[in-house]
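What follows is the residue order along each chain.
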Amino acid sequence: MSGKAESEPEGLKLKVLALHGYRQNGDSFRSKLGSFRKQVNKYVELVFLSAPHIAAPLEDGGEQDPVQRSWWFNKDDRTFKGTNQGGPAYGFDESLKLVEKTWEAEGCHGLLGFSQGACFAGLLCDLSARGMTTVKPQFAILSSGFRSGSLVHLNYYENKIQLPSLHIFGDTDEIITKDMSVTLSDTFLEPLVVTHAGGHYFPAQATMKQTYIDFFRDQLQLHLEAKELANATEENSFHVEQPEGNPDADDSDSE
């Protein structure tokens, strides 16, 4: 894992697992989200994770840069491009296992992803809805996201995902076009979609601040209400002890 979670008294904030884009890593993503982190610090504790795979060099014959990471590769030459369709998903299972391990260790509540990380977060939401992962997000924030074109992922988008989601993308993004991000948002039942005039980046200008705060405040309220309900249910539940030797005792559940 790369980077540290921003510490605050436990239980007062939502813990959000942040998934970086292609050729980024946990540290670089943390740095890029500096302004965003300040905007939402009252409600959110971000946990930054680096993908397990080193991306291929930018130029043929060049050397790999260990700080440039990828969650998986969707081309046979073990590179990744968001627009590629029908290709492989080399390394996806390893990344899934790493996220599952981190999710459990950190006790996270939600997902945040940018570009390839947003694509990954979308897949995780679908896997969670189908009970196919131990990652159980309560909400997701997807910036410059898109549907995976990898062949093994094509059936992941068959059913609408019933999860609160915030989708952010730029009108002039040339790497992941607006249409690609819209297609991902359409896989959620009631997506909250916010656009900005820029390109391929996670926006943190002042005009976006209230959108983020409102979203996280709502999710924190829902989380606390669910937690309070669970505690009340647990307190009100009781177990009736059967007297020893009672021939009428129900032992149908005994092993």
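All values derive from a computational prediction rather than experimental measurement.

Asks: Is there a simple way to explain the packing of aromatic side chains in this structure?
Replies: Given two aromatic rings, their pairing is described by the distance between the two centres and the angle made by the two planes. As enumerated under the stated definition, the model contains 16 aromatic pairs in all. A ring pair is formed by Phe-36 and Tyr-212, whose centres lie 4.8 Å apart and whose planes are at 90°; its orientation type is edge-to-face. Residue Phe-36 is located in helix H2 (residues 34-40), and its partner Tyr-212 is located in helix H6 (residues 206-236); the two are separated by 176 residues in the primary sequence. A single burial state applies to Phe-36 and to Tyr-212, both of which are buried. Each ring, one from Trp-71 and one from Phe-120, has its centre 5.4 Å from the other, and the planes form 50°; the classification is tilted. Taken together, the positions of Trp-71 in the loop between strand E4 (69-70) and helix H3 (92-106) and Phe-120 in helix H4 (residues 116-129) put the pair 49 residues apart, joining distant regions of the chain. Neither Trp-71 nor Phe-120 differs from the other in exposure class; each is buried. Aromatic ring contacts, followed pair by pair, group Tyr-22, Trp-71, Trp-72, Phe-80, Phe-92, Phe-120 and Phe-146 into a single cluster.

Asks: Any chance you could explain the pairing of strand E7 (residues 165-170) here in plain terms?
Replies: In terms of residue burial, E7 counts as a mostly covered element, since six of its six residues are buried. In terms of strand pairing, strand E6 (residues 140-143) meets E7 through four bridges, oriented parallel. Each residue of the ladder has a partner; that of Ser-143, found in E7, is Ile-168. Of the pairings in the sheet, the one linking E7 to strand E8 (residues 192-196) comprises five bridges and is parallel in character.

Asks: In this structure, what is going on with H4? I would like to understand it.
Replies: Residue pairs three or four apart in sequence face the same way in an α-helix, which turns once every 3.6 residues. With 14 residues, H4 should reach 20 Å at 1.5 Å per residue; the first-to-last C-alpha distance of 20 Å fits that figure. Taking burial as the measure, the 14 residues of H4 include 13 buried ones, the bulk of the element. Once H4 finishes, Gly-131 follows within two positions and takes phi at roughly 70°, a positive value.

Asks: Would you mind going over the pattern of salt bridges with me for this structure?
Replies: Oppositely charged side chains can pair when the atoms bearing their charge come close. By the definition in use, this model includes four salt bridges. Among the ionic pairs, Lys-15 bridges to Glu-106, the shortest N-O distance being 3.0 Å. Taken as a pair, Lys-15 in strand E1 (residues 14-19) and Glu-106 in helix H3 lie far apart in primary sequence, 91 residues in all. With its nearest N and O atoms 3.5 Å apart, the salt bridge here joins Arg-217 to Asp-214.

Asks: When you look at a negative patch on the surface in this model, what are you seeing that I'm missing?
Replies: On the surface, Glu-59, Asp-60, Asp-76 and Asp-77 cluster together into a patch of negative charge. Looking at where Asp-76 falls in the secondary structure, it is placed in the loop between E4 and H3. Classification of Asp-76 as exposed rests on a relative accessible area of 65%.

Asks: Could you clarify how one ought to interpret the packing of H3 against H4 in this entry?
Replies: Packed helices, taken two at a time, are described by the angle their axes make and the gap between the axes. It is the contact of H3 with H4, at a shortest axis distance of 12 Å, that shows an interaxial angle of 75°. Relative to H4, H3 is oriented roughly perpendicular. On H4, the residues that touch Phe-92, Ser-95, Leu-96 and Val-99 of H3 are Phe-120, Leu-123, Leu-124 and Leu-127. Tallied by class, residues from the contact of H3 with H4 come to seven nonpolar, one polar and no charged.

Asks: Help me out: how do you make sense of the sheet that holds strand E2 (residues 44-49) in this one?
Replies: Two modes of strand pairing occur in sheets, parallel and antiparallel, and in both the strands are linked by backbone hydrogen bonds. Taken together, six strands build an open sheet; the order of strands is E2-E1-E5-E6-E7-E8 and the sheet is parallel. Of all the strands in the sheet, the pair left with one neighbour each is E2 and E8. On average, each strand axis in the sheet is inclined to that of its neighbour by 20°, with strand direction left out of account. Its contacts with the sheet put H6 on E1, E2, E6, E7 and E8, and the angle it makes with E7 is roughly 165°.

Analysis parameters
- Residues numbered from 1 in each chain as written.
- Predicted model: local features only at pLDDT ≥ 70, side-chain atom pairs only at ≥ 80, totals over all residues.
- Heavy atoms only, no water.
- Phe/Tyr/Trp six-rings, centres within 6.5 Å; stacked < 30°, edge-to-face > 60°.
- Helix = DSSP H or I, 4+ residues; strand = E, 2+ residues; numbered from the N terminus.
- Buried < 20%, exposed > 50% of the residue type's maximum accessible area, 1.4 Å probe, protein only.
- Pairing = 2+ DSSP bridges.
- Expected span 1.5 Å × (residues − 1).
- Salt bridge = Lys/Arg side-chain N within 4 Å of Asp/Glu carboxyl O.
- Patch = residues over 30% accessible without salt bridge, like charges linked within 9 Å, V, L, I, M, F, W, Y side chains within 5 Å.
- Areas by Shrake-Rupley, 256 points an atom, 1.4 Å probe, with all protein chains shown as cover.
- Lys, Arg positive; Asp, Glu negative; His and termini not counted.
- Charge placed at Lys NZ, Arg CZ, Asp CG, Glu CD.
- Axes fitted to C-alpha atoms, helices over the stretch in contact; angles between N-to-C directions.
- Parallel < 35°, antiparallel > 145°, perpendicular 65-115°, else oblique.
- Contact = heavy atoms within 4.5 Å.
- Nonpolar A, V, L, I, M, F, W, Y, C, P; charged D, E, K, R; others polar.

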